[in-house]
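Fold and geometry: a report
Residue strings, one per chain:
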Amino acid sequence: PTASTISDNWFNEALELKPSVQSLKVDGVNINYLAWGEKNKPGILFVHGGMAHAHWWSFIAPYFAKTHRVIAMNLSGMGDSDWRENYASELWGKEIVEIAKYEKLNKPIIVGHSLGGMCSVIAASQFKKELYGLVIVDTAILPPSEIPDKFDLKIKANKTYQSIDAAKSRFRLVPSQGNSLDYIMDYIAEKSLRKTDEGWTWKFDPSYMKIFNTDGFRERQAILSEKLARLECRVAVFRGEKSMLFSESASKYMRELTNKKTPIIAIPEAHHHIMVDQPLALISALRALVTDWDHSNPAKAD
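Since this is a predicted model, take the numbers as computed values, not measurements.

**Some details on the layout of surface pockets**
Put simply, the second largest pocket is a space of about 520 Å³. As for the second largest pocket, its lining consists of 25 residues, and the residues nearest its centre are Glu232, Cys233, Arg234, Lys261 and Ala299. Counted by class, the lining of the second largest pocket contains 14 nonpolar, 5 polar and 6 charged residues.

**Here we look at the pairing of strand 5 (residues 106-113)**
Burial analysis of strand 5 places 6 of its 8 residues in the buried class, the great majority of the element. Across 5 bridges, strand 3 (residues 42-47) lies against strand 5 in parallel orientation. The residue bridging valine 47 from the neighbouring strand is glycine 112, located in strand 5. As defined by bridge partners, strand 5 adjoins strand 6 (residues 133-137) across 5 bridges and the pair is classed as parallel. Bridging across to strand 6, glycine 112 finds its partner in isoleucine 136.

**Examining the nonpolar core**
Of all hydrophobic cores here, the largest spans 104 residues; its most connected members are Phe46, Phe59 and Leu134. No other element matches the 8 residues that helix 3 (residues 115-127) contributes to this core.

**Comments concerning empty space enclosed by the protein**
One pass over the structure, following the stated rule, counts 1 cavity of 30 Å³ or more. By volume, the largest cavity amounts to about 30 Å³. In terms of lining, the largest cavity is formed by Pro175, Ser176, Gln177, Lys242, Ser243, Met244, His271 and His272. Class assignment for the residues of the lining of the largest cavity results in 2 nonpolar, 5 polar and 1 charged.

**Some points on the packing of helix 1 (residues 9-16) against helix 5 (residues 182-191)**
Where helix 1 meets helix 5, the axes come as close as 10 Å, and the angle between the chain directions of the two elements is 30°. The angle between helix 1 and helix 5 falls in the class roughly parallel. Crossing angle aside, the handedness with which helix 1 passes helix 5 is right-handed. Each of Trp10, Phe11 and Leu15 in helix 1 lies in contact with helix 5, whose residues at this interface are Tyr183, Ile184 and Tyr187.

**Things to note about unusual backbone geometry**
Going from valine 174 to proline 175, the amide bond is cis rather than trans, its omega being -5°. As for its position among the elements, proline 175 is in the loop between helix 4 (164-168) and helix 5. The phi dihedral of asparagine 179 falls on the positive side, at around 70°, and the residue is not glycine. Its place among the elements puts asparagine 179 in the loop between helix 4 and helix 5.

**Describing the packing of helix 2 (residues 89-102) against helix 3**
Contact geometry for helix 2 and helix 3: axes closest at 8 Å, N-to-C directions at 65°. Classified by the angle their axes make, helix 2 and helix 3 are roughly perpendicular. Between helix 2 and helix 3 lies a crossing whose hand is right-handed. Residues Ser89, Glu90, Trp92, Gly93, Lys94, Ile96, Val97, Ala100 and Lys101 of helix 2 touch helix 3, and the partners they reach there are Leu115, Met118, Cys119, Ser120, Ile122, Ala123, Gln126 and Phe127. The residue inventory of the contact of helix 2 with helix 3, partitioned by class, reads 10 nonpolar, 4 polar and 3 charged.

**Re the packing of aromatic side chains**
The tally for this structure, following the rule as stated, stands at 14 aromatic pairs. Taking 6.5 Å as the distance between ring centres and 65° as the angle between the ring planes, the aromatic pair formed by tryptophan 10 and tyrosine 183 counts as edge-to-face. Residue tryptophan 10 is located in helix 1, and its partner tyrosine 183 is located in helix 5; the two are separated by 173 residues in the primary sequence. Residue tryptophan 10 is classed as buried on the basis of its relative accessible area of 9%. Where tyrosine 161 meets tryptophan 202, the ring centres are 6.3 Å apart and the plane angle is 75°; that geometry is what we call edge-to-face. With tyrosine 161 in the loop between strand 6 and helix 4 and tryptophan 202 in strand 8 (residues 200-202), this residue pair connects regions lying 41 residues apart in the sequence. In this structure, tyrosine 161 and tryptophan 202 share a single accessibility class: buried. One aromatic cluster is present, formed by Trp10, Phe11, Phe59, Tyr63, Tyr183 and Tyr187 through successive ring pairs.

**Focus on the side chain of serine 120**
By the secondary structure assignment, serine 120 is in helix 3. Classification of serine 120 as buried rests on a relative accessible area of 0%. Those residues within four positions of serine 120 in sequence are excluded, and the remaining contacts are Val47, Ile96, Ile110, Gly112 and Leu134.

Cut-offs used in this document
- Residues numbered from 1 in each chain as written.
- Predicted model: local features only at pLDDT ≥ 70, side-chain atom pairs only at ≥ 80, totals over all residues.
- Heavy atoms only, no water.
- 1 Å grid on protein atoms, 1.4 Å probe; cavity = no way out; pocket = protein on both sides within 12 Å on 5 of 7 lines; lining within 4 Å.
- Points joined across faces, edges and corners; volume = space filled by probe spheres on them.
- Nonpolar A, V, L, I, M, F, W, Y, C, P; charged D, E, K, R; others polar.
- Buried < 20%, exposed > 50% of the residue type's maximum accessible area, 1.4 Å probe, protein only.
- Helix = DSSP H or I, 4+ residues; strand = E, 2+ residues; numbered from the N terminus.
- Pairing = 2+ DSSP bridges.
- Core = buried A, V, L, I, M, F, W, Y, C linked by side-chain atoms within 4.5 Å.
- Axes fitted to C-alpha atoms, helices over the stretch in contact; angles between N-to-C directions.
- Parallel < 35°, antiparallel > 145°, perpendicular 65-115°, else oblique.
- Left-handed = near helix turned anticlockwise from the far one by under 90°.
- Contact = heavy atoms within 4.5 Å.
- Phe/Tyr/Trp six-rings, centres within 6.5 Å; stacked < 30°, edge-to-face > 60°.

Nothing here speaks to function; it is geometry throughout.
In structure tokens form, the structure reads like this:
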């Protein structure tokens, strides 16, 4: 079925399983997160992408709550976490590690999408061998020859809207994609907004985008390449088969960086925001992977 024909029964059932809302102070800032499942079970920690928030995972996470302690966190400057004066991917990586340690996650697996995948690679490098596994979801690490000469993402200051419906009508995916499920788009749009005295505005801090400039992008790609190559935990990569951001050459490069020990799994019909257009395929792929990791020995680097 195409994404637009998947009924919302599964989605509504997932949302019926309400998470507890928690927070932890990391470097002076409150980091808010959602939690499902029992504390003694193995842990999965979900990390959202840029301008997003923990609720991008709140219809995915419940499908792991019977077998795992599941966390979906808000990085600083996004969702319901506090804003910072300055942002850095290393600091976001630290927030991921601190929450996993505070929760005492058993056999922790980190699942990071887009910007969250980038921060999760950094977090995994800080964890060393304590991390059970890392799943990178449509975060491309590019071969040096493919890094663009110019890379600037400009985000304007958050506009205020008079009604929640007016604000939701302006909600867009970056990058845009077709085939998104309307009920998911409606849900994450609403969870992306906060009420102020003047009206409704987006929750994310636009100033976090300052770190995404040409020099920073090149340097960060080099750091990510080095860190991915040196990770000691299991690693898997999911990519949307129709993603604009994940090329075949990036797949090949990431496999080489991990000494061909990392499976790169293409999710059919999925674009960059896999949980918005092919959520059930993402859940199935992740369940298969997690189950396999519990019943197989990790491939050792040669």
